[in-house]
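The primary structure of each chain is shown beneath.
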Amino acid sequence: VSDKNIAALEDDEKYSNRDVYLKLFRYKLDENFYTGAKNINSYAKFTSNFYDRINPVLDKKDMKTITDFCSQVPKTSDLQAQIWNIENKIKKTISFNLYAESAESIAAILKNKQANKIDLLKLYSAVFREFKIENKLVLTSNRFEIPFEKDFESYENLDEALFYFPAIKKYLTPSEIEYRIPLFPDNLGNNNGLFISEKIFGGVNMGVSEINFIELPGVEITTDYMGITTDFTEDLENPKITTSIDFGGFTAMKLQTIKYFSSAEQYQTILKSIAENYTINTEYSSLKTENDGVENIGKKPFVMKLTFDGKDLIQNAGGNYLFSVGKLIGSQMELYQENKRTLPVEINHPHAYQRTLKIILPKGVTAKNLEKFNMNFKTDLNNKTEAGFVSSYTEKDGVITVTNTEFYNIVNYPLEKFNEYKDVINAAADFNKIVIMLTKN
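Quick caveat, the model's predicted, so the values are computed rather than measured.

Novice: Sorry, what's going on with the sheet that holds strand S6 (residues 191-201) here?
Specialist: Sheet strands pair by backbone hydrogen bonding; their relative direction is either parallel or antiparallel. The five strands are arranged S5-S4-S3-S6-S7 in an open sheet whose pairing can be described as antiparallel. Looking at the sheet topology across the chains shown, the edges are occupied by strand S5 (170-172) and strand S7 (204-214). Across the sheet, the mean angle separating the axes of adjacent strands is 30° when strand polarity is ignored. The sheet contact formed by S6 and S7 spans 11 bridges and is antiparallel. Looking at S7, one finds that leucine 194 is bridged to isoleucine 211. Packing against the sheet, helix H2 (residues 43-54) makes contact with strand S3 (136-140), S6 and S7, and its axis sits at approximately 120° to S7.

As C-alpha cells, then:
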C-alpha cells in the first residue's frame, strides 16, 4: 500500500471534525492459515461472545439481589421516567471505576458499590430485564477521534457503550455520571454504532447485531429561552433590568451538574461568574435559580433569574442616550476564516435560542435606530432552512418588543454552505453590538 502527495489539513478551523477527513491506515487479522479460521474479527462472532458476557446466567442469590435493588427504584407508568429512575438509582449507588477488578457476581457489584465498564453493563442489563424494558446495547466510538467505519469491521469502532430503547427512541449512557436520559455524550451521537439485541432461537437467548445510525437529541431538547425587560420609566440613565433564562438540554445539564460537584460557596461563586455574562460585569440586585441539581437533568430546564441596574449600558450623548441593548443577550462567538475554508462544518449537537427583549420607555421619550433589530440570515439545505438567525421588533404604547430566534437544527453543513453558516453565527455577534438612541421629545 502506498500513497504520496497527501494534502495537509489545517487544525485550527472552528466547528469542524478534522479527524474524520484525515487519511489513516486501518488493518486487522482476517485469516489464520494454520487453523483455517477466516473472518476472525467479524461483528457476528464478537456479538455472540459479548452478549454472553453481559448477560450471564444468574443464580438465585443474584436474582434476589436484583429484585431487592429494583424494589428501591421508584415505579411509574411513564417509560422514559422509569428509565430515568433506574439510571439515577444506579449512578447514585454504584461508582464507575474503569480500573476496578471484575466482580464475581451481580451481588458483589452491588455490595462493593463500584464497577468497571463490563460489570456496569451487566448490572444495567439485569435491571432492565427485571423491569421488562426492551433495550439494545450499542457499541460505538468517539466521532471526534475515530469515527465508526461501518464498511470495515474493526474492534476499534467499539470503544464506547450506550443503551438504546426502541419504544421511545432514546439513549442512555451507563458510565457518565452527569448525564441522564435523554442526554448522552454528544461525541457518541451523529455516528454509526453496533446495535446488539436479544433474540430467541430454539429456546436459547442469543445476541444479534446490526449497524445503525445514532441520532442526537433534536433541537427542541437544547433550546434556551431568554426574556429580558428593561424599564426606563423611573430613570433614563439607570434603567431597571430583569432577565430570566431557561437553559435547556445539554446546556442545562452542565449547569445542573455544578451543584453536585461543588461546595455551596463554590457554587455561588460559579453562579456569579455565569451571571456576569448577562449583567455585563455589573453587580446584580438579585440572583435566583430553579431546577438546579442532578435530579432535574433531562427533566427540567435550569432557570436563572437576575435583576440589576443598567447604568453601565447607558451613555449620555449631548442630551440623548445611547443604550447598548444588544449586550443583554450575553457575549457571542464570532467566526472568522482568514484562509480558504477546507473542512465542512460539524457542531456538537442541535441547539437553539429564543429571545424576547422588552424596552419600556417613559412618556415623551422615543427610540431611534430600531431598524437594526431587523435581521434575517439563513442556511438552507435541500429546500429546508437548517440554521438561522431571524430578528424583528414591534413598537406600541411606549413598549418596544424585540424577538429573535437563532437555531441550528442539524450537525453537519457542507463546505459550500460555509459562508451562509458563518453569517448565521456572526449575526448573533452583530446583534450583541446593537446600540439604539433614546431621545426626549
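So, next bit.
Novice: How should the nonpolar core be read in this particular structure?
Specialist: In a soluble, globular protein the nonpolar side chains are often hidden away together inside. The biggest cluster of nonpolar side chains holds 64 residues, and the ones touching the most others in it are Phe323, Val325, Phe431, Ile436 and Leu438. With seven residues, helix H9 (residues 418-432) is the single largest residue contributor to this core. What phenylalanine 323 contacts, discounting residues up to four positions off in sequence, is Thr230, Phe232, Leu313, Ile314, Leu328, Ile359, Ile434, Val435 and Ile436. Listed in part, the 40 residues of the second largest apolar core include Tyr43, Phe46, Ile86 and Leu137.

Novice: Can you walk me through the side chain of asparagine 41 in this structure?
Specialist: Along the chain, the position of asparagine 41 falls in the loop between helix H1 (18-21) and H2. By relative accessible area, asparagine 41 is classed as buried at 18%. Within polar-contact distance, the side chain of asparagine 41 engages the backbone oxygen of leucine 29 at 2.8 Å. Asparagine 41 has contacts with Lys28, Leu29, Glu153 and Tyr155, leaving out every residue within four places of it along the chain.

Novice: Teacher, can you tell me more about the packing of aromatic side chains here?
Specialist: In this description, an aromatic ring pair is defined by two values, namely the gap between the centres and the angle between the planes. Tallied over the entire structure, the rule returns 22 aromatic pairs. Measuring from ring centre to ring centre gives 5.0 Å for tyrosine 413 and tyrosine 421, while their planes differ by 40°; the resulting arrangement is tilted. Exposure remark for tyrosine 421: the relative accessible area of 1% places this residue in the buried category. Put simply, the rings of Tyr15, Tyr408, Tyr413 and Tyr421 pair up and form one aromatic cluster.

Novice: Explanation requested: the environment of threonine 251 in the structure shown.
Specialist: Inspection of the secondary structure assignment puts threonine 251 in helix H7 (residues 249-261). Apart from the residues within four sequence positions on either side, threonine 251 is in contact with Thr222 and Asp224.

Novice: Sorry, what's going on with a nonpolar patch on the surface here?
Specialist: Side chains of Val1, Phe25 and Tyr27 sit close together on the surface and give an oily, nonpolar patch of about 480 Å² of accessible area. Mapped onto the elements of the fold, valine 1 is located in the segment before H1.

Novice: Before we go on, may I ask you to explain a negative patch on the surface in this structure?
Specialist: There is a patch of like negative charges on the surface, built from Glu10, Asp11, Asp12 and Glu338. Within the secondary structure layout, aspartate 11 lies in the segment before H1.

Novice: Hey, could you run me through the sheet that holds strand S9 (residues 240-247) in this one?
Specialist: The eight strands are arranged S10-S11-S9-S8-S15-S19-S18-S17 in an open sheet whose pairing can be described as mixed. With one partner strand each, in any of the chains shown, strand S10 (284-290) and strand S17 (375-381) form the two edges of the open sheet. Recorded for the sheet is a direction-independent mean angle of 10° between the axes of neighbouring strands. Both S17 and strand S18 (residues 384-396) contribute to a ladder of seven bridges, which runs antiparallel. The partner of leucine 381 across the bridge, within S18, is lysine 384. Its contacts with the sheet place H7 against strand S8 (223-231), S9 and strand S11 (302-309), and it is angled at close to 105° to S9. Along the sheet, helix H8 (residues 264-279) makes contact with S8, S9, S10 and S11, crossing S11 at roughly 65°.

Conventions adopted
- Residues numbered from 1 in each chain as written.
- Predicted model: local features only at pLDDT ≥ 70, side-chain atom pairs only at ≥ 80, totals over all residues.
- Heavy atoms only, no water.
- Pairing = 2+ DSSP bridges.
- Helix = DSSP H or I, 4+ residues; strand = E, 2+ residues; numbered from the N terminus.
- Axes fitted to C-alpha atoms, helices over the stretch in contact; angles between N-to-C directions.
- Contact = heavy atoms within 4.5 Å.
- Core = buried A, V, L, I, M, F, W, Y, C linked by side-chain atoms within 4.5 Å.
- Buried < 20%, exposed > 50% of the residue type's maximum accessible area, 1.4 Å probe, protein only.
- Polar contact = N/O pair within 3.5 Å; in protein donor to acceptor, adjacent residues only side chain to side chain.
- Phe/Tyr/Trp six-rings, centres within 6.5 Å; stacked < 30°, edge-to-face > 60°.
- Patch = residues over 30% accessible without salt bridge, like charges linked within 9 Å, V, L, I, M, F, W, Y side chains within 5 Å.
- Areas by Shrake-Rupley, 256 points an atom, 1.4 Å probe, with all protein chains shown as cover.
- Salt bridge = Lys/Arg side-chain N within 4 Å of Asp/Glu carboxyl O.
- Lys, Arg positive; Asp, Glu negative; His and termini not counted.
- Charge placed at Lys NZ, Arg CZ, Asp CG, Glu CD.

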